[in-house]
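Per-entry structural report
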Amino acid sequence: MQKTQHYVLFPNHDNAMRLYRELKKMGVRAVIAPTPRVLSTCCGVSLLIEEEDIERIQQCIKEHGIEVLKIEAIERDINPMRDKYC
Amino acid sequence: MADYRKMWEDLGMDVETHDQLCAVLPQAFGDVYLSQENRPEGMDYYNMVVADIHGIRPAELIEHQKKGGKVFGTFCVYVPDEVVFAADAIATGLCGGSQFWVPGGEKVLPTNTCPLIKASVGARIDRTCPFFRIADMYVGETTCDGKKKAWEILAEDVPVHVMNLPQMKRAKDVKAWAEEIEEFKNVVEEFTGNKVTAEKLAQSIKLINAKRRALERLYETRKSENIPISGCDALLISQIAFYDDPGRFTQMTNKLCDELEQRIADGVSVFEKGTKRIMLTGTPLAIPNWKLHNIVETSGGAIVCEEMCTGTRYFERQVDESRETVEEQITALAERYMGINCACFTPNEGRIDDILRLAKEYKVDGIIDVNLKFCNLYDTEGYFVERAMKDAGIPVLGIETDYTDSDAQQLRTRVSAFIEMLNN
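Figured I'd write up the structure that's included with this text. Not measured: the values here are computed from a predicted model.

The rules behind these values
Residues numbered from 1 in each chain as written. Chains lettered and ligands numbered in written order. Predicted model: local features only at pLDDT ≥ 70, side-chain atom pairs only at ≥ 80, totals over all residues. Helix = DSSP H or I, 4+ residues; strand = E, 2+ residues; numbered from the N terminus. Expected span 1.5 Å × (residues − 1). Contact = placed C-beta atoms within 7 Å. Buried ≥ 20, exposed ≤ 12 C-beta atoms within 10 Å, placed from the backbone. Nonpolar A, V, L, I, M, F, W, Y, C, P; charged D, E, K, R; others polar. Pairing = 2+ DSSP bridges. Right-handed = clockwise from strand over helix to strand, strands pointing away. Axes fitted to C-alpha atoms, helices over the stretch in contact; angles between N-to-C directions.

**Description of helix α2 (residues 15–34) of chain B**
For α2 of chain B, with 20 residues, the first-to-last C-alpha span of 27 Å sits near the 28 Å given by 1.5 Å per residue. Check the buried side of α2 of chain B and you find it contacts β2 (30–34) of chain A together with α1 (5–10), α3 (43–51), α12 (231–241) and α14 (291–297) of chain B.

This is the structure we're talking about:
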């Protein structure tokens, strides 16, 4: 299990969906996810990506003029046994 | 990040308190959903809906209002959305599924009220949910005593129309429900200024039937020996069905079903072969109540069906699309909706029949009868449910819980023991 996770953060969900669609066309793995609290205090959509794909993703962002806030790495903090619901 | 603070402030929300809910959602969602292996790609749509749960759809509803449209908030699967959409209005579910809203509800309701009602009232009076702020009118019903009194409290703050749901299922009760729907239609027409014509109602009946068929198709895939989607994911879809745009929801759910059916053809399952198949029956699991599903599916079980309002009660059976006049269409609506089997009816043997039928259809190994604390109706009916399952030789576990995390470990112990018993 990887220890870090990489997220692409966006100014709005439209840009997130644009990048998501482009990445799917390219066959690059990306999961739409809520932005982790440690990365932003706003609720919102981000893309969970694989580290090895970052370069291709950055290229895609540039090529399609997609607005992105940043790509951030955080320590993986997912635990289905934590039993902290909301 | 998309910043909806301005929109929330304009809605009169308590943005600071609401921020506490935003703070915990990503972690809970990550634990329950992003932890899963081999999730269907089509779940990304529902991830997006949750990620911006208080942003994207509320913004759409506000846009609708800016164009003069109305939004109706509903709390029950007996309220016919078709009537609302036929008046060019939007219906959105308002049931609260988070402990976050419960203390707010307890300010005005007795503590021994079910958490769903407390959360729903709390979300309104604490001003911490945009959907509760946006809805122009709430539509209540008489499905339990707690709700009946809650409507009176809410009506001091927001327009509320209460539909009087009969408590028996004789022919005259179906007729009475048709009359209630007729009265509701009149209220909706007056409130929106739009006439519900036979043509408009026929369109909205088709719209909502299509949503039901998409959900039915989704559930059909869960009958497969190779289960292509987790119960957690199926629950999330059911929860989102209550407030998403119905046309878009249907399209996205059908797209997901294409993927799931391909998985079945390819022999792909998200569970190991031999994982015990569990059906849940009981009270609704409103968003974001994912506790029991997560516990079951991380304790060696696979949830394959929910005989719940957030489950089969919501989508089974269509409204007859062949009726031509508004009166006939209303009769068709009454017939379909009165076919739902809720514990508020006496007697309610149809629900036992449903559970036994579903247990066969979904090839379940065991049933969990789960009821929200202080839901007297479902708790009492549990006597018949559990007896009928025992008579049919279906192992059953009765659980009473609420929205807090405090009983999670105890639930894990009980659920694990139940699944272990099924495995032996």
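**Quick notes on the environment of Ile237 of chain B**
Within the secondary structure, Ile237 of chain B sits in helix α12. Taking the C-beta count within 10 Å as the criterion, Ile237 of chain B has 24 such neighbours and is therefore assigned buried.

**Some thoughts on the interface of chain B and chain A**
Each side of the interface is counted separately: chain B has 35 residues, and chain A has 27 residues. Of all elements in the fold, only α2, α3 and α14 of chain B reach the threshold of two or more residues within the side of chain B that touches chain A. Considering every element that reaches the side of chain B that touches chain A, the biggest residue donor is α2 of chain B, with 13 residues. Classifying every residue of the side of chain B that touches chain A by side-chain character gives 20 nonpolar, nine polar and six charged.

**Examining the pairing of strand β8 (residues 396–401) of chain B**
Residues and elements named next belong to chain B. Note that strand β7 (residues 366–372) and β8 share six bridges and pair parallel. By the bridge assignment for β8, Asn371 is matched with Glu400. Considered for its hand, the β-α-β crossover made up of β7, helix α18 (residues 376–391) and β8 is right-handed.

**Topic: the sheet that holds strand β4 (residues 70–75) of chain A**
Paired through backbone hydrogen bonds, the strands of a sheet run either parallel or antiparallel to each other. All names here are of chain A. Spatial strand order, β2-β3-β1-β4: four strands in an open sheet with antiparallel pairing. One side of each edge strand has no neighbouring strand; the edge strands of this open sheet are β2 and β4. Averaged over all neighbouring strand pairs, the angle between strand axes comes to 35 degrees, with direction disregarded. Here strand β1 (residues 4–9) pairs with β4 via six bridges, running antiparallel. Each residue of the ladder has a partner; that of Val8, found in β4, is Ile71.

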